[in-house]
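Given next are the chains, with one letter for each unit.
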Amino acid sequence: MNIYKSCPTLHNDEFLLRLVDNSDVNDLLKVYGDVKAVPLFNGDNCHGDDFYYTTLERMRQAVDFWTEAYQNGWFVRLAIVDKINGEVIGTIEEFK
């Protein structure tokens, strides 16, 4: 399977993993706008990005970049959706 041709949706009883999209920005801003969460983010090989986004515009820019990265085969950013409350609670990145 080539994840760059067809991105699977993965799930269990509690969580759903799917390709991140622009409808996720409000939920993701709660995660990436939380200064207490910043030390938990891994920015290795991210050219100095600390993943601390404080505005919807900056969050949209990040999601747009993640979408571009997927389309170009650089990496895949999956949204982690809490199935109980229907909110995106974070992301996970997969790469070659």
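Residues numbered from 1 in each chain as written. Predicted model: local features only at pLDDT ≥ 70, side-chain atom pairs only at ≥ 80, totals over all residues. Heavy atoms only, no water.

With that out of the way, let us pick up the nonpolar core. Of all hydrophobic cores here, the largest spans 17 residues; its most connected members are Val20, Leu28, Tyr32, Tyr53, Met59, Val63 and Trp66. Broken down by secondary-structure element, the contributors of at least two residues to this core are helix H1 (25-32), helix H2 (56-71) and strand S3 (76-82). If near-sequence neighbours (up to four positions away) are discounted, Leu28 is found in contact with Val20, Gly33, Met59, Val63, Trp66, Val88, Gly90 and Thr91. (Core = buried A, V, L, I, M, F, W, Y, C linked by side-chain atoms within 4.5 Å. Buried < 20%, exposed > 50% of the residue type's maximum accessible area, 1.4 Å probe, protein only. Helix = DSSP H or I, 4+ residues; strand = E, 2+ residues; numbered from the N terminus. Contact = heavy atoms within 4.5 Å.)

With that settled, the discussion passes to the side chain of Asp24. Looking at where Asp24 falls in the secondary structure, it is placed in the loop between strand S2 (15-19) and H1. With relative accessibility at 2%, the residue Asp24 sits in the buried group. Within the local environment of Asp24, its side chain forms a polar contact with the side chain of Arg18, the two groups lying 2.7 Å apart. Filtering out sequence-adjacent residues up to four positions away, Asp24 remains in contact with Arg18, Leu19, Ala79 and Val88. (Polar contact = N/O pair within 3.5 Å; in protein donor to acceptor, adjacent residues only side chain to side chain.)

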